[in-house]
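As a plain string of letters, each chain reads:
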Amino acid sequence: MTEELPKLREEFRMQNKSVFILGASGETGKVLLKEILEQSLFSKVTLIGRRKLTFEEEVYKNVNQEVVDFEKLDDYAAAFQGHDVGFCCLGTTRKKAGADGFVRVDRDYVLKSAELAKAGGCKHFNLLSSRGADKSSNFLYLQVKGEVEAKVEELEFDRYSIFRPGVLLCDRQESRPGEWLVRKFFSSLPESWASTHSVPVVTVVRAMLNNAVRPGDKKVELLENKAIYALGKADEAPKP
């Protein structure tokens, strides 16, 4: 796989595909955008979000931004038109948004966005989910993640990739109690054990992109933490 990636990336670039990112202000979305631009994989990059993001670096100058109201997404269907590939990193927490707000963002907003993307011509939809996602779970977080996975699958994208990472190792701007200690714990573990239960955000992002450039042999792909870790570490994603 390591030897094939440079060739796959080059072939992918030549197809001049367009991409959108949902949730580019979050930790994973932010790193995903940076990596997409560094690898120059897409001819057009669009961010879809509730507010316009500010970037200072020159590399971001050609990034398109569509500001939408997630409560009235049907009014913004045009923002989802004409993208070949979509990455959804939308998400909040129960503590930040309350139980109802969490369900609204992580299930309803995601599903509606996926519906509009499918109608707009998106061929490959990538969903950032969570390890343990299960619509029959007794835990709201895992239940909602499992529900939205299944609902998006029903839309029948040409290719649908679900990523279920374990504990995301990153430095969040907003404080989530206990996360720092959890990250510290996992980052100190042997790689063979940590790769099953945790993964750095940049590794998740590189796994998403390494997966996108390789031909998909399945209509629906489910990548658990260990597969994400291996694919994201397949090489140190080079710049073209």
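Residues numbered from 1 in each chain as written. Predicted model: local features only at pLDDT ≥ 70, side-chain atom pairs only at ≥ 80, totals over all residues. Heavy atoms only, no water.

It is worth spelling out the packing of aromatic side chains at this point. On inspection of all chains with the given rule, the structure shows seven aromatic pairs. Ring plane angle 85° and centroid distance 5.2 Å describe the contact between Phe-12 and Phe-42, whose orientation is recorded as edge-to-face. Separated by 30 residues along the polypeptide, Phe-12 in helix 1 (residues 5-13) and Phe-42 in the loop between helix 2 (27-39) and strand 2 (44-49) bring together distant segments of the chain. We note that Phe-12, like Phe-42, is buried. Summarising the aromatic geometry, the rings of Phe-55 and Tyr-60 are spaced 4.4 Å apart at their centres and angled 5° between planes, so their arrangement reads as stacked. For Phe-55, a relative accessible area of 27% translates into the label partly exposed. (Phe/Tyr/Trp six-rings, centres within 6.5 Å; stacked < 30°, edge-to-face > 60°. Helix = DSSP H or I, 4+ residues; strand = E, 2+ residues; numbered from the N terminus. Buried < 20%, exposed > 50% of the residue type's maximum accessible area, 1.4 Å probe, protein only.)

Moving on to the nonpolar core. Among the nonpolar cores identified, the biggest contains 37 residues, and Leu-32, Leu-33, Ile-36, Phe-42 and Phe-87 are the most heavily contacted of them. At the level of secondary structure, the elements contributing two or more residues to this core comprise helix 1, strand 1 (18-22), helix 2, strand 2, strand 4 (85-88), helix 7 (201-213) and helix 8 (225-232). Those residues in contact with Leu-32, other than ones at most four positions away along the chain, are Ile-21, Phe-87, Cys-89, Val-205 and Leu-209. Among the nonpolar cores identified, the runner-up in size contains 25 residues, and Val-105, Tyr-109, Leu-116 and Cys-122 belong to it. (Core = buried A, V, L, I, M, F, W, Y, C linked by side-chain atoms within 4.5 Å. Contact = heavy atoms within 4.5 Å.)

The element strand 2 is largely enclosed, with a buried count of five among its six residues. In this region the chain leaves strand 1, passes through helix 2 and returns to the parallel neighbour strand 2; the handedness of that crossover is right-handed. Pairing geometry for strand 2 and strand 3 (residues 64-67), over four bridges, is parallel. Looking at the pairing, Thr-46 lines up with Asn-64 of strand 3. (Right-handed = clockwise from strand over helix to strand, strands pointing away. Pairing = 2+ DSSP bridges.)

The subject of this paragraph is the pattern of salt bridges. In total, this model carries 14 salt bridges according to the counting rule given. Two residues, Glu-58 and Lys-61, come together in a salt bridge whose shortest N-O distance is 3.2 Å. Taking relative accessible area as the criterion, Glu-58 reaches 56% and is therefore assigned exposed. Taking the shortest distance from any N to any O, the salt bridge between Arg-164 and Glu-149 comes out at 2.7 Å. On the criterion of sequence distance, the pair formed by Arg-164 in strand 6 (residues 159-164) and Glu-149 in helix 4 (residues 140-153) is long-range, its members being 15 residues apart. Across this residue pair, the class does not change: Arg-164 and Glu-149 are buried. (Salt bridge = Lys/Arg side-chain N within 4 Å of Asp/Glu carboxyl O.)

Our next topic: the sheet that holds strand 6. Strand order in the open sheet formed by seven strands is 3-2-1-4-5-6-9, and the pairing between neighbours is parallel. Only two strands of the sheet have a single neighbouring strand rather than two, namely strand 3 and strand 9 (220-224). Here the average twist between neighbouring strands, direction ignored, is 15°. Note that strand 1 and strand 4 share four bridges and pair parallel. Residue pairing across strands places Phe-20 opposite Gly-86, the latter belonging to strand 4. Relative to strand 6, helix 7 is tilted by about 160°, and along the sheet it contacts strand 4, strand 5 (124-128), strand 6 and strand 9. Against the sheet, helix 8 engages strand 6 and strand 9, with an angle of about 90° to strand 9. (Axes fitted to C-alpha atoms, helices over the stretch in contact; angles between N-to-C directions.)

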